[in-house]
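# Chains, contacts and geometry: an overview
So you can see what is in the structure, the chains are spelled out below.
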Amino acid sequence: MEYNFLKIEHNNGVTVLTISAPKTLNALNSSILKELNDFIDNLEPTTRVLIITGDGEKSFVAGADISEMVHLNEAQGHEFGRLGAQVFRKIEVLPIPVIAAVNGFALGGGCELAMSCDIRICSANAKFGQPEVGLGIIPGFSGTYRLPKLIGQGYAKEMIYTGKVIRSDEALRIGLVNAVYEPAELMGKAMEMAAMMLKNAPVAIGLAKQSINEGYDLDADGAIALENKLFGKCFATADQKEGMDAFLNKREATFKGE
Ligand code: CO8
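The model shown is predicted, which means the values in this text are computed figures rather than measured ones.

### Digging into the domain arrangement of the protein chain
Assigned domains within the protein chain: domain 1 (6-198) and domain 2 (202-248). Placing a centre on the C-alpha atoms of domain 1 and another on those of domain 2 gives a separation of 27 Å. Taken together, the contacts link twelve residues of domain 1 with seven residues of domain 2. Together domain 1 and domain 2 conceal approximately 690 Å² of surface at their shared face, both sides included; 49% is due to carbon and sulfur atoms. When residues of domain 1 are sorted by the area they lose upon contact with domain 2, Arg-48, Pro-95 and Lys-149 head the list and together hold 49% of the total. At the junction of domain 1 with domain 2, the criterion picks out two salt bridges. A salt bridge links Asp-217 to Lys-149, with the shortest nitrogen-to-oxygen separation between them at 3.7 Å.

This is the structure we're talking about:
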């Protein structure tokens, strides 16, 4: 598929995906969502860390495209929401780490996209919010599910009912982002984090992600049993042998992802 709204760069196991619709501050229309869906389905197989960002210095993603949504009826609204939610879920369950480098506005669907990533870091000028109720809708790309999980129900409800937009320092305070950087530093910091991940065993990272994601929605016994099963699986990998042999022989490990 040819992409009109996505810019993609691959570099030594790190793929950087830039969403690019500058005229609408990278707002997500259905064409972009379809491109994203195709991109995830056909992710370059050498990708070990995915970084998602937005084009320009002002916006990550300013939400779903309001000019497209204005005319939707109930069935079409349902379908548009389903498409976005499906793509974001695919991002969430990718077996590799996904970092959102939030370089400006992350509103509505933009905040929801960032929340489908494993980790969010942002620039000092970033702004987050779920302003949907001001438009007569609710967050429709799984924001009502992920925001309370990330920051707790009380503040999530305040954000969603008031539609208030919060700054990067507040996003850091409530745990919506892990770190805030000067705009010029953001991508470098994302690459640094990716580089640290690249040194580790890829299958183990994927299994840790699965254990965290799936375990979160289970009760304690279920989550611990799941971790135990996945922990056992690590011992069937060449990377476990390599990692432990390297430690014992005081050398650096070379992981093959097997
Ligand atoms: N959709 C469409 N166009 C947009 C959007 C958007 N979300 N955001 C910005 N734009 C456009 C503006 O209309 C403007 O276009 P034009 O130049 O033709 O007038 C251009 O981008 C630049 O924007 P502004 O002039 O408004 O720039 P400002 O710096 O003054 O303001 C803001 C920036 C604060 C980001 C402002 O543009 C804004 O408030 N945008 C809307 C933010 C918003 O409400 N986002 C949530 C949308 S709803 C959503 O995401 C729901 C997700 C779930 C959907 C489920 C479907 C069923």
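After presenting the structure, the write-up continues.
### As for helix α6 (residues 153-162)
Listed as buried for α6 are Tyr-155, Ala-156, Met-159 and Ile-160. The arc that holds every buried residue of α6, seen down its axis, measures 130°, which confines them to one face. Summarising the geometry of α6, the exposed residues directed more than 90 degrees from the buried face are Gly-154 and Tyr-161.

### Side note on helix α1 (residues 30-41)
Under the 1.5 Å per step criterion, the end-to-end length of α1 is 16 Å for twelve residues, consistent within 8% with the ideal 16 Å. By the criterion of burial, α1 is predominantly enclosed, with nine of the twelve residues buried. When α1 is considered as a whole, its buried residues turn out to be Ser-30, Ile-32, Leu-33, Glu-35, Leu-36, Asn-37, Asp-38, Phe-39 and Ile-40. Next to the buried residues of α1 lie β1 (6-11), β2 (14-19), β3 (49-54), α2 (66-69) and α3 (74-92). Two to three positions downstream of the cap, the backbone nitrogen of Ser-31 sits 3.1 Å from a side-chain oxygen, assigning the N-cap of α1 to Asn-29.

### A closer look at the sheet that holds β2
Strand pairing in a sheet is mediated by backbone hydrogen bonds. Such pairs are either parallel or antiparallel. A sheet is described by the order of its strands in space; here six strands give the open sequence β1-β2-β3-β5-β7-β10, paired in mixed fashion. Bordering the open sheet on either side are β1 and β10 (179-181), each of which pairs with just one other strand. Taking each pair of neighbouring strands and ignoring which way they run, the sheet shows an average axis angle of 20°. As paired strands, β3 and strand β5 (residues 98-102) are joined by three bridges and run parallel to one another. Following the sheet pairing, Ile-51 is matched in β5 by Ile-99.

### Remarks on the packing of helix α5 (residues 143-151) against α6
The description of two packed helices rests on the angle between their axes and on the distance between the axes. Contact geometry of α5 with α6 gives a least axis separation of 7 Å together with a crossing angle of 135°. Viewed along their axes, α5 and α6 adopt a mutual orientation that is oblique. The two elements α5 and α6 cross, and the hand of that crossing is right-handed. Between α5 and α6, the residues in contact are Gly-143, Thr-144, Leu-147, Pro-148 and Ile-151 and Gln-153, Tyr-155, Ala-156, Met-159 and Ile-160, respectively.

### Description of the sheet that holds strand β8 (residues 127-129)
Strand order in the open sheet formed by four strands is β4-β6-β8-β9, with mixed pairing between adjacent strands. Two strands in the sheet have a free side with no partner beyond their single neighbour: β4 (59-61) and β9 (165-167). Within the sheet, the average angular offset between the axes of one strand and its neighbour, ignoring direction, is 20°. As judged from the three bridges shared by β8 and β9, these two strands associate in the antiparallel manner. Each residue of the ladder has a partner; that of Phe-128, found in β9, is Ile-166. Packed onto the sheet, helix α4 (residues 109-116) meets β4, β6 (105-107) and β8 and runs at close to 75° relative to β4.

### Regarding the pairing of β3
For β3, the tally of buried residues reaches six of six residues, placing the bulk of the element in the interior. Where β2 lies against β3, six bridges are found, and the strand directions are parallel. Paired with Leu-17 across the bridge in β3 is Ile-52.

Quick notes on the rules
- Residues numbered from 1 in each chain as written.
- Predicted model: local features only at pLDDT ≥ 70, side-chain atom pairs only at ≥ 80, totals over all residues.
- Heavy atoms only, no water.
- Domains from an automatic or database assignment.
- Contact = heavy atoms within 4.5 Å.
- Buried area = accessible area lost by both parts, 1.4 Å probe.
- Salt bridge = Lys/Arg side-chain N within 4 Å of Asp/Glu carboxyl O.
- Buried < 20%, exposed > 50% of the residue type's maximum accessible area, 1.4 Å probe, protein only.
- Helix = DSSP H or I, 4+ residues; strand = E, 2+ residues; numbered from the N terminus.
- Arc of directions from axis to C-beta.
- Expected span 1.5 Å × (residues − 1).
- Polar contact = N/O pair within 3.5 Å; in protein donor to acceptor, adjacent residues only side chain to side chain.
- Pairing = 2+ DSSP bridges.
- Axes fitted to C-alpha atoms, helices over the stretch in contact; angles between N-to-C directions.
- Parallel < 35°, antiparallel > 145°, perpendicular 65-115°, else oblique.
- Left-handed = near helix turned anticlockwise from the far one by under 90°.

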